[in-house]
Amino acid sequence: LGLKVYRFYGRCRHCWAEFTFKTDPKNSDYTMESGGKRTYEAWKDADMMEAQLRAEKEKEAAEDHMKALEQKAVDVQAEMQRLEDLDALRTMNKRLGARDQTIEEALEFLFKKAEQESAADDE
């Protein structure tokens with residue numbers, strides 16, 4: 001990856017034993033090198049659970065074709081809903097954009113009318 005690996009040194013607050021750990025750019029983490037032990041790695045638990053759930057879902061999909069078909073129908077329905085929402089947003093943006101243009105035209109009309117009236121008063 002071309003990233004530098006840094007090594008850090010420290011001492012325990014209780015026993016003053018030295019420990020070292022270094023950066024692990026590949027996994028965006030730190031690795032314990034010597035003098036200590038990592039107590040808990042939350043990301044490992046999360047990754048394992050995610051992999052386990054994904055494996056179960058794939059296993060169920062392979063076993064049950066009807067369930068896979070139902071899931072596909074749900075996915076298509078969700079996609080259709082997203083497309084409808086996007087279309088509604090685009091329509092709203094067009095309407096609001098036209099409103100801004102209409103407001104500018106109305107202000108310009110009023111400004112010209114005021115100029116004409118002031119010119120008529122001057123004569």
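Provided above is the structure to which this section pertains.
Below: a short report on this structure. Here the structure is a predicted model, which is why all the values come from computation and not from measurement.

**So, the overall build of the chain**
Thought 1: A tally of helices and strands in the chain yields 2 helices and 3 strands.
Thought 2: For 123 residues, the compact-globule formula gives about 14 Å, and the C-alpha radius of gyration of the chain, at 33 Å, lies well above that figure.
Thought 3: Projected onto its principal axes, the C-alpha positions of the chain cover 100 × 55 × 30 Å.
Thought 4: Across the chain, the fraction of contacts at a sequence separation of at least 24, relative to all contacts at a separation of at least 6, is 6%.
Thought 5: When the accessible surface of the chain is split by element, carbon and sulfur atoms take 56% of a total near 11600 Å².
Thought 6: Side chains of the chain carry 21 positive and 28 negative charges; the gap between the two charge centres is 12 Å.

**Focus: the pairing of strand β1 (residues 7-11)**
Thought 1: Relative to strand β2 (residues 18-24), β1 runs antiparallel, the two sharing 5 bridges. Each residue of the ladder has a partner; that of R7, found in β2, is K22.
Thought 2: With antiparallel pairing between neighbouring strands as the criterion, β1 and β2 make up a hairpin whose turn holds 6 residues, including W16 at a positive phi of roughly 60°.

**Section: the sheet that holds β1**
Within a sheet, neighbouring strands are paired by backbone hydrogen bonds and run either parallel or antiparallel to one another.
Thought 1: Strand order in the open sheet formed by 3 strands is β1-β2-β3, and the pairing between neighbours is antiparallel. Each end of this open sheet is capped by a strand with a single partner; those strands are β1 and β3 (29-34). For this sheet, the mean angle separating the axes of adjacent strands, direction not counted, is 30°.
Thought 2: Where β2 lies against β3, 5 bridges are found, and the strand directions are antiparallel. Across the sheet, the residue bridging to T23 is Y30, located in β3.

**A few points about the pattern of salt bridges**
Thought 1: Enumeration over the complete set of coordinates arrives at 5 salt bridges.
Thought 2: The residue E50 makes a salt bridge to R54 at a minimum N-O spacing of 2.9 Å. On the criterion of helical spacing, the pair formed by E50 and R54 is a turn pair, its members being 4 residues apart in helix α1 (residues 42-63).
Thought 3: Look at R54 and you get partly exposed, because its relative accessible area is 44%.
Thought 4: Between K112 and E108 there is a salt bridge; the shortest N-O distance is 3.5 Å. A residue pair is termed a helical-turn pair when its members lie 3 or 4 positions apart in one helix, as K112 and E108 do in helix α2 (residues 65-122) at 4 residues.
Thought 5: Through salt bridges with shared partners, a single ionic network connects R7, K22 and E33.

**Points about the state of the cysteines**
Thought 1: Applying the stated criterion across every chain yields a total of 0 disulfides.
Thought 2: Between C12, a cysteine without a disulfide, and C15, which holds the nearest cysteine sulfur, the sulfur-to-sulfur distance is 3.7 Å.
Thought 3: Overall, the relative accessible area of 24% leaves C12 in the partly exposed class.

**Notes on the packing of aromatic side chains**
Thought 1: Under the counting rule described, the total for this entry stands at 4 aromatic pairs.
Thought 2: Centre to centre, the rings of F19 and F21 are 6.2 Å apart; their planes meet at 10°, and the pair counts as stacked.
Thought 3: Since its relative accessible area comes to 22%, F19 is described here as partly exposed.
Thought 4: Taking relative accessible area as the criterion, F21 reaches 23% and is therefore assigned partly exposed.
Thought 5: Through successive ring pairs, a cluster of aromatic residues spans F8, F19, F21 and Y30.

So, how was this worked out
Residues numbered from 1 in each chain as written. Predicted model: local features only at pLDDT ≥ 70, side-chain atom pairs only at ≥ 80, totals over all residues. Heavy atoms only, no water. Helix = DSSP H or I, 4+ residues; strand = E, 2+ residues; numbered from the N terminus. Rg over C-alpha atoms; globule rule 2.2 N^0.38 Å. Contact = heavy atoms within 4.5 Å. Areas by Shrake-Rupley, 256 points an atom, 1.4 Å probe, with all protein chains shown as cover. Lys, Arg positive; Asp, Glu negative; His and termini not counted. Charge placed at Lys NZ, Arg CZ, Asp CG, Glu CD. Pairing = 2+ DSSP bridges. Axes fitted to C-alpha atoms, helices over the stretch in contact; angles between N-to-C directions. Salt bridge = Lys/Arg side-chain N within 4 Å of Asp/Glu carboxyl O. Buried < 20%, exposed > 50% of the residue type's maximum accessible area, 1.4 Å probe, protein only. Disulfide = S-S within 2.5 Å. Phe/Tyr/Trp six-rings, centres within 6.5 Å; stacked < 30°, edge-to-face > 60°.

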